[in-house]
Amino acid sequence: MQAARHVVCALSGGVDSAVAALLLRRRGYQVTGVFMKNWDLLDESGVCTADKDCEDAYRVCQILDIPFHQVSYVKEYWNDVFSDFLNEYEKGRTPNPDIVCNKHIKFSCFFNYAVNNLGADAVATGHYARTSLEDEEVFQQKHIKRPEGLFRNRFEIRNAVKLLQAADSFKDQTFFLSQVSQDALRRTLFPLGGLTKDFVKKIAAENRLHHVLKKKESMGICFVGKRNFENFILQVSVLCCKGVESRFCAGPGSISNEALVFQYLQPRPGKFISIEDSEVLGTHKGWFLYTLGQRAKIGGLREPWYVVEKDGTKGDVLVAPRTDHPALYRDLLRTGRVHWIAEEPPAALVRDKMMECHFRFRHQMALVPCVLTLNQDGTVWVTAVKAVRGLTLGQFAVFYKGDECLGSGKILRLGPSAYTLQKGRSRAGVATEGSGDGHSDSPGLGPTR
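- An unreviewed UniProt entry annotates the protein as Mitochondrial tRNA-specific 2-thiouridylase 1 of Camelus ferus.
- Looking at the protein in UniProt, the text filed under Sequence similarities (unreviewed entry) is "Belongs to the MnmA/TRMU family."
- What UniProt records for the protein under Catalytic activity (unreviewed entry) is the sentence "5-taurinomethyluridine(34) in tRNA + S-sulfanyl-L-cysteinyl-[protein] + AH2 + ATP = 5-taurinomethyl-2-thiouridine(34) in tRNA + L-cysteinyl-[protein] + A + AMP + diphosphate + H(+)".

What about the overall build of the protein?
At step 1: Across its full length, the protein holds twelve helices and 19 strands.
At step 2: Residues counted as buried form 53% of the 449 residues belonging to the protein.
At step 3: Of the contacts formed within the protein by residues at least 6 apart in sequence, a portion of 69% connects residues at least 24 apart.
At step 4: Carbon and sulfur atoms make up 50% of the accessible area of the protein, which totals about 21,700 Å².

Remarks on the environment of valine 308
At step 1: Looking at the secondary structure, you find valine 308 in strand β11 (residues 305–311).
At step 2: Residue classification places valine 308 among the buried residues on the basis of a relative accessible area of 2%.
At step 3: Residues valine 308 and leucine 318, spaced ten residues apart in sequence, show a C-alpha to C-alpha distance of 5.8 Å.
At step 4: Ignoring anything within four residues of it in the chain, the contact list for valine 308 reads Ile275, Leu292, Leu318, Val319, Ala320, Ala327, Leu328 and Arg330.

Regarding the side chain of serine 408
At step 1: Structurally, the position occupied by serine 408 is in strand β19 (residues 404–414).
At step 2: Exposure remark for serine 408: the relative accessible area of 0% places this residue in the buried category.
At step 3: A distance of 2.9 Å separates the side chain of serine 408 from the side chain of serine 178, its partner in a polar contact.
At step 4: Ignoring sequence-local partners within four residues, the contact set of serine 408 consists of Ser178, Gln179, Val338, His339, Phe396, Ala397, Val398 and Phe399.

Cut-offs and rules
Residues numbered from 1 in each chain as written. Predicted model: local features only at pLDDT ≥ 70, side-chain atom pairs only at ≥ 80, totals over all residues. Heavy atoms only, no water. UniProt positions renumbered as here; feature names shortened; annotations may be inferred. Helix = DSSP H or I, 4+ residues; strand = E, 2+ residues; numbered from the N terminus. Buried < 20%, exposed > 50% of the residue type's maximum accessible area, 1.4 Å probe, protein only. Contact = heavy atoms within 4.5 Å. Areas by Shrake-Rupley, 256 points an atom, 1.4 Å probe, with all protein chains shown as cover. Polar contact = N/O pair within 3.5 Å; in protein donor to acceptor, adjacent residues only side chain to side chain.

Put into structure tokens, the structure is as follows:
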């Protein structure tokens, strides 16, 4: 008789991962629960929230009668996720640490621990996503060491596993999994991929998992928690610039290297300036605190103003009135090198250098029809069929074809806004096709619609 397949399930202390472990148990697998401690920060009442989550995860394992393990990736999270988060803000970008965490922590550190230390046949998480493999196909996968260098062996025959959207389109989390490696994906189970959130809650209620069912949905950046983000980032800046070792810097070793990162996040007071007439409307604590498209908090003004540009040299934030101001809309962006789930660009994109698909840069936003133009360095130009509000540097443009998530690339350059193009046309007195940024591989900047 064949031994039961061993599945190591990541437990967060929440309802989704708890039900995922329960469903795996019901399928007859040997299940082990693992809680990852990635951050070590006291909340405002002096309690380490990670400890409470760990207790909840341990209780899930007791109820399900499965082994429990705890691993700490505080150091790895600091180096690979949080330092990147701060570096991106220093550059004036708005990062997405959840995507980076999945890439480096859950589907790298945890995945390797589960396979190499616990002898897992497969790993599982509580993400709402699916793959193109059935369970038994996942167990048949073998780890293939990638060759050194940029490209894999062209003669290696391996059908790529697809990352597919969940049945619950509202809860679908493929956006956050768009940087996961093919090796990890082909050995991962997503038990909740075909379920709705309401049904998951029903399963939890019927199986004595009330302690996780009562917990609020985890939203926002995990290491900020319920705090005001502006206060958090400024507090971290001041503490670390002064060389103060605090619970923000928990983990092995000194904070000398990390302190260097924070030196670039010292409060940088600047001005709010109207993009229409250059009038100074107020002041702010630091331009890196603001994201394109968000409402600017300007004291003394009744009408809402929105962030449309940031001047890192002067530290000024340009704002515009109205949530639908043309300065908020763009139809062109360029990414960094794209991470393709299949490890290589789609065949149609390689063949034609252009391909129609959809993209989003925020979780749960409506998919936007677009055309991708492939550059020789692996980056892509993304031309939206219709201008999009609030395109933001540092966010990930995640690409879809049907229900398949193709991968993602970090947004590193934006085309001109509709407002800029309108001003250009007014000055020229004739319609213009727009202008690029001096790079010959631009697909051209047509009028923003």
